[in-house]
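Residue-level structural notes
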Amino acid sequence: QQQVKQSPQSLIVQKGGIPIINCAYENTAFDYFPWYQQFPGKGPALLIAIRPDVSEKKEGRFTISFNKSAKQFSLHIMDSQPGDSATYFCAASRGAQKLVFGQGTRLTINP
Amino acid sequence: EAGVAQSPRYKIIEKRQSVAFWCNPISGHATLYWYQQILGQGPKLLIQFQNNGVVDDSQLPKDRFSAERLKGVDSTLKIQPAKLEDSAVYLCASRRTGNTEAFFGQGTRLTVV
């Protein structure tokens, strides 16, 4: 019940395309859903986060869509650029408790 | 403000040896986490501190791993003795009380041969 399942494992998109990464969770007590971006040799960095009382959140080219009834959330990257090539992790937590991470998606944006 | 500092960046040891990692969180952050990230997987929590007290160590292999956070600031994570499957990146993260965002360090890449 603590798992967060993420798909796909890897994704290749042409520049300007809209990659979509999906996550599903089981624990309905989770109340915070962040996405982290990780470049090789670096630690994860917070990209955008959402709480379950809203269905969508946009920050720049990044959008989270949240479906509470389906217990799913997704990351969309608009007008993707080669610099967006990285590994993306979804996560979930309850209050001040630990972040539970998905398995990660390796995203490649081709020029 | 300075980020989460970790050292060393890389460490190679033989199995059955011991190793220690150090973390200095962002100033004022009471919550400190140690995560283990195995290649190709998401980070997995090993231990969470609130100031110098342990909040969650349910996934810490206590027969070989130990961690402490004396004085509620810096923290060390130790492995003794190391096994081949301990090869991973060990990430430290910190969070200010009342905030949701956790900030991660660059990690220590451990290779056990």
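To start, this report covers the structure provided alongside it. Bear in mind the structure is a predicted one, so any value in this text is a computation, not a measurement.

Another point: the interface of chain B and chain A. Taken together, the contact between chain B and chain A spans 21 residues of the former and 17 residues of the latter. Note on chain B versus chain A: buried area summed over both sides is about 1400 Å², and carbon and sulfur give 49% of it. Interface area lost by chain B to chain A is led by T100(B), F104(B) and Q106(B), which between them contribute 30%. The interface formed by chain B and chain A contains one salt bridge. Between D56(B) and K98(A) there is a salt bridge, with the nearest N and O atoms lying 3.9 Å from each other. Every element with two or more residues in the side of chain B that touches chain A is listed here: β4 (31-37), β5 (44-50) and β9 (88-95) of chain B. Considering every element that reaches the side of chain B that touches chain A, the biggest residue donor is β4(B), with three residues. Residue composition of the side of chain B that touches chain A, grouped by class: seven nonpolar, 10 polar and four charged.

Side-chain pairing between opposite charges can occur once the charged atoms of the two side chains come close. Applying the stated criterion across every chain yields a total of five salt bridges over all chains. Between R61(A) and D84(A) there is a salt bridge, with the nearest N and O atoms lying 2.9 Å from each other. Taken as a pair, R61(A) in the loop between β6 (56-59) and β7 (62-67) and D84(A) in the loop between β8 (72-77) and β9 (86-92) lie far apart in primary sequence, 23 residues in all. A relative accessible area of 27% means that R61(A) is categorised as partly exposed. According to the relative accessible area criterion, D84(A) is buried, its value standing at 5%. For D57(B), the salt bridge is made with K62(B), and the minimal N-O distance between the two is 3.8 Å. Owing to a relative accessible area of 27%, D57(B) belongs among the partly exposed residues under this scheme.

A few words on the sheet that holds β8(A). Across a sheet, paired strands are connected by hydrogen bonds in the backbone, their directions being either parallel or antiparallel. Residues and elements named next belong to chain A. If you trace the five strands from one edge of the open sheet to the other, you get β1-β3-β8-β7-β6, paired in antiparallel fashion. At either margin of the open sheet sits one strand with a lone partner, and together these are β1 (4-7) and β6. Along the sheet, successive strands turn relative to each other by an average axial angle of 15°, direction set aside. Relative to β7, β6 runs antiparallel, the two sharing four bridges. Along β7, the bridge assignment pairs K58 with T63.

Looking now at the sheet that holds strand β1 (residues 5-7) of chain B. All names here are of chain B. What the four strands build is an open sheet, ordered β1-β3-β8-β7; its pairing is antiparallel. Whereas interior strands pair on both sides, the edge strands pair on one side only; in this sheet they are β1 and β7 (65-68). Geometrically, the sheet is characterised by an average inter-axis angle of 15° between neighbouring strands, direction not taken into account. The sheet contact formed by β1 and strand β3 (residues 19-24) spans three bridges and is antiparallel. Bridged to S7 within β3 is W22.

Cut-offs applied
- Residues numbered from 1 in each chain as written.
- Chains lettered and ligands numbered in written order.
- Predicted model: local features only at pLDDT ≥ 70, side-chain atom pairs only at ≥ 80, totals over all residues.
- Heavy atoms only, no water.
- Contact = heavy atoms within 4.5 Å.
- Buried area = accessible area lost by both parts, 1.4 Å probe.
- Salt bridge = Lys/Arg side-chain N within 4 Å of Asp/Glu carboxyl O.
- Helix = DSSP H or I, 4+ residues; strand = E, 2+ residues; numbered from the N terminus.
- Nonpolar A, V, L, I, M, F, W, Y, C, P; charged D, E, K, R; others polar.
- Buried < 20%, exposed > 50% of the residue type's maximum accessible area, 1.4 Å probe, protein only.
- Pairing = 2+ DSSP bridges.
- Axes fitted to C-alpha atoms, helices over the stretch in contact; angles between N-to-C directions.

All quantities given are derived from atomic positions and should not be read as evidence of function.
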